[in-house]
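What the coordinates show
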Amino acid sequence: MRFLISNGSLQQISTLDNTVGYVARVDGISMQPALNPNKDITDYVFLNRWAVRSHDVCRGDIISLKSPKDPDQRIIKRVVGLGGDIIATLGYKKDIIRIPEGHCWVEGDHTGHSMDSNNFGPVSVGLVTAKATFIVWPPSRWQYIKPQLTYSEIMRSISLINHLEFDFNGSVVCKGVTLGDVDNDGNYELVVGNEDGDVVIFKALEKWQTISNLGFVSCVIVGDILNKNRNCLVIVTADGWCYIYAAGGTDSVDNSDNQNVQFEKYIDQNDGQTYSAEANNSPKSDSFLEESKELEKTYLRRIHVQRIPPNTKDILLGDIDGDGLIEMVLGLTDRVVRSYRWSENDAFYASSSVDDENSSLGKLVALNKWECAQQIGSISLHHSPEGVPSLLVAQPGGTFMRIHHQSDDQQTSQSQETSSFGDSGSLPSENLTGFSVDYQFLSISRMRNPNISSEILGDVRTASNLNASVESSQSDAGASRNPYAVATLDGTIMLIQDEVILWAIAVDHQLFALSKLDVTGNGADEIIVCSWDGHTYILDQHKNTVRFQLDESVQAFGTGYYTLIPGNRPVTCFVYITFRNKILLYFDIPLKHMVNKKFEPLLPKLAKAIEDREDKEQFLENMDKQSKRDLVQYLLYGVKSVSQ
């Protein structure tokens, strides 16, 4: 008997014994990464019929079974639940179901890309035909297939205790919170903006500064937008205004007196078109006098305000073209991505009077504009092993658009085919040149919900790349490519490298925030994902997962470093903006290892508990593991001495 099984399924290639088992080829991606881990590998497995002769299956087993949709088709899935278990489903007609006796619940490991019980419900154990026990081909994949529990069953939870609590009124969008050194004093602060136009900066244990009357704050970010090796605070509002704030006094941007902020004149730019703030009745100008009056009391000064297209939902500061200068990239709700670079006004530095008509500090010049096929989820910067940057723009359904920076030869070739004229105010030589665009679907031919919103995160640091960077001066070998992460609203989290999904897991919560942070302190990034109901998942690059549950819903989430005591080392932190007008900042995340380790008592510690032996350490070294465990058990119950 020979048959073909598609979509994460098998083809029988030899009949060894219909009673004992047979070898079959696995087709499809539904069991990634356990089987067929990437598009270049096709696994052949031994299906043990004898192991299921009495319909005995266990949770975690990979089994073949007759498809409930087509009895002539065989599919391969993992057993998630057995009769009597209560299962939280993913997309089934019922959110929670009790599995009937004599049935089991099966799912593919590659959640969201598998036709399984989430589509057709519990299946009778009578449909089970075999159990996959070995991968027999290719030789590099030879291994015994160990039964594994589902991720929800093995995921461990932690409790976070240490936290700060700040009062903050108003609604906050996802990109309305950031952490960074806003005043260049070496300490990390927290910045939060709301829909009422208030931006508050928290330093250490208190509220440090409040900026008001800005309009609906859609994005805040801290970075070197002026390319002066000094951080500034960038605030973008939904109605199309971009503000830049820098530390006051001579430390703000430059030692020149002329560069210490002009409050009389502010020039607004709309992709290069110049308008006065007064002519546009900008609400920002109303706050200038108040800020100037309170100049002695504030720590950040507004150094620039500019008109930009409205409806920004994401912001990024980074070198997107490899020229060593920082650009600002905006993702808009109208499916457009725009890039800008700060351009100084040379006349400002040459002028001795701030009343000179050309004495503005500078402006943001529009460089590029890209239109996406669908709504933008998030934007992220990613680098090749050679250091070539590219922009990743999340698209619905777990897909993304990639904007490559091209080499000089590629730019020359493209410039001959592309007009040198672009949007008004952009640099003609740079507008829409030097980049190419392609869409990536991650080898996925079918999505459960192609319209689900997605988040993407590039440049996830790995331990191997850290080692490679240290040895780069001694070796010409390039670092391996960094992976990137994708999360979807329906609960799927994926780690991807070279467009190959390394692993994917699913959780039963709606995910809206994706970030990275070295929580364990080993130099490699962990992936941090948060859901609307406060569940936070911390994943390392080997798929080990830890969960923290906040007991309330959140409207915004952020991760990073925060300085609790000025001058001290900043610590890791999670920031939750709740719906009860509170900011919860959990600091110094106590997670040193992602994998639980077995308790191994230290011999010197045990030796102190043995009172009547001279050769204590030698005695302990000669003890077997069981005796050591018994000794620890005795000590836990108060026994202070043990005789041989």
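A short tour of the structure in this document, coming up.

**Here we look at the packing of aromatic side chains**
Within the structure shown, the criterion is met by eleven aromatic pairs. On the numbers, 5.3 Å between centres and 80° between planes, the contact of W370 with F435 is edge-to-face. Here W370 is found in strand β27 (residues 362-371), whereas its partner F435 is found in strand β31 (residues 435-440), with 65 residues between them in sequence. In terms of burial, W370 and F435 fall into one category: buried. Put simply, the rings of F548, F557, F574, Y576 and Y586 pair up and form one aromatic cluster. A cation over a ring is seen here: K203 above W208, with NZ or CZ 4.8 Å from the ring centre.

**With respect to the state of the cysteines**
Simply put, disulfide is the name for a covalent bond between the sulfur atoms of two cysteines. Enumeration according to the criterion identifies zero disulfides in this entry. The thiol of C530 is not disulfide-bonded; the next cysteine sulfur, from C174, is found 9.5 Å away.

**Brief notes about the nonpolar core**
Most often, soluble globular proteins keep nonpolar side chains buried together rather than apart. Formed by 22 residues in total, the largest nonpolar core has its most connected members in I225, V234, V236, I315, M328 and L330. At the level of elements, β18 (217-223), β19 (232-237), β20 (241-247), β24 (312-318), β25 (327-332), β26 (336-344) and β27 are the ones that each hand at least two residues to this core. Apart from residues lying up to four places away in sequence, I225 is in contact with C232, V234, I244, L317, I326, M328, W342 and L364. Counting 21 residues, the second-largest nonpolar core is a separate cluster that includes I538, F557, F574 and Y586.

**Some remarks on the sheet that holds strand β12 (residues 156-157)**
On the basis of which strands lie adjacent, the open sheet formed by five strands has the order β12-β39-β38-β37-β36 and mixed pairing. Strand pairing shows two members of the sheet lacking a second neighbour, β12 and β36 (511-517), which therefore form its edges.

**Digging into the sheet that holds strand β15 (residues 189-193)**
The four strands are arranged β14-β15-β16-β17 in an open sheet whose pairing can be described as antiparallel. Whereas interior strands pair on both sides, the edge strands pair on one side only; in this sheet they are β14 (177-180) and β17 (206-211). Geometrically, the sheet is characterised by an average inter-axis angle of 20° between neighbouring strands, direction not taken into account. The pairing of β14 with β15 spans four bridges and is antiparallel. Bridge assignment links T178 to a residue of β15, and that residue is V191.

Basis of the calculations
Residues numbered from 1 in each chain as written. Predicted model: local features only at pLDDT ≥ 70, side-chain atom pairs only at ≥ 80, totals over all residues. Heavy atoms only, no water. Phe/Tyr/Trp six-rings, centres within 6.5 Å; stacked < 30°, edge-to-face > 60°. Helix = DSSP H or I, 4+ residues; strand = E, 2+ residues; numbered from the N terminus. Buried < 20%, exposed > 50% of the residue type's maximum accessible area, 1.4 Å probe, protein only. Lys NZ or Arg CZ within 6 Å of the ring centre and 35° of its normal. Disulfide = S-S within 2.5 Å. Core = buried A, V, L, I, M, F, W, Y, C linked by side-chain atoms within 4.5 Å. Contact = heavy atoms within 4.5 Å. Pairing = 2+ DSSP bridges. Axes fitted to C-alpha atoms, helices over the stretch in contact; angles between N-to-C directions.

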